[in-house]
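Here's the letter readout for the chains.
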Amino acid sequence: TWWPLCRSRDLGPGAVIGRDFLDGRVAIFRGENGQPSVVSAYCPHNGADLSLGCVRENRLQCRFHRWEFDASGVCQRTGSGDRVPPRARVFSY
């Protein structure tokens, strides 16, 4: 089943939109490559709302501690430069 969350024209390059979805919240973002992505909005590090973050290249960066997640939900960087925990990820749709 498809659930409309926003219109494509409302999601420009580098944009992030937060929406309540089912019993949770999602972050919708579009990277520099033009690819739209939808992930769970809660950062696994401290639970911050990822929809308040920003896009860095093709990754969504958490505003709180700057962890960065790719379109598949896998954490690619930590804000401190520490090694990324192997299971650090958010659910991707």
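Residues numbered from 1 in each chain as written. Predicted model: local features only at pLDDT ≥ 70, side-chain atom pairs only at ≥ 80, totals over all residues. Heavy atoms only, no water.

Asker: Break down the state of the cysteines for me, with residues and values.
Answerer: Across all of its chains, the model carries zero disulfides by this definition. Cys-43 provides the cysteine sulfur closest to Cys-75, a residue in no disulfide bond, and the two sulfurs are 7.3 Å apart. Residue class for Cys-75 comes out buried when judged on its relative accessible area of 5%. (Disulfide = S-S within 2.5 Å. Buried < 20%, exposed > 50% of the residue type's maximum accessible area, 1.4 Å probe, protein only.)

Asker: Requested: an account of the packing of aromatic side chains, with residues and values cited.
Answerer: Scanning all chains against the criterion turns up three aromatic pairs. Their ring planes at 80° and their centres at 6.5 Å tell us that Trp-3 and Phe-21 sit as a pair that is edge-to-face. Of this pair, Trp-3 sits in the segment before strand E1 (16–21) while Phe-21 sits in strand E1, placing them 18 residues apart in sequence. For Phe-21, a relative accessible area of 13% translates into the label buried. Summarising the aromatic geometry, the rings of Phe-21 and Tyr-93 are spaced 5.5 Å apart at their centres and angled 90° between planes, so their arrangement reads as edge-to-face. Residue Phe-21 is found in strand E1, and its partner Tyr-93 is found in the segment after strand E7 (75–77); the two are separated by 72 residues along the sequence. In this structure Tyr-93 comes out as exposed when scored by relative accessible area, which is 53%. The structure contains a cluster of three or more aromatic residues connected by ring pairs, namely Trp-3, Phe-21, Phe-91 and Tyr-93. (Phe/Tyr/Trp six-rings, centres within 6.5 Å; stacked < 30°, edge-to-face > 60°. Helix = DSSP H or I, 4+ residues; strand = E, 2+ residues; numbered from the N terminus.)

Asker: Tell me what's going on with the sheet that holds strand E6 (residues 68–69), and back it up with residues and numbers.
Answerer: Strand order in the open sheet made by the four strands is E4-E5-E6-E7, with antiparallel pairing throughout. Single-partner strands in this sheet number two, and they are strand E4 (54–56) and E7. One ladder, built from three bridges, connects E4 with strand E5 (residues 59–61); its direction is antiparallel. Note that in E5 the partner of Cys-54 across the bridge is Gln-61. (Pairing = 2+ DSSP bridges.)

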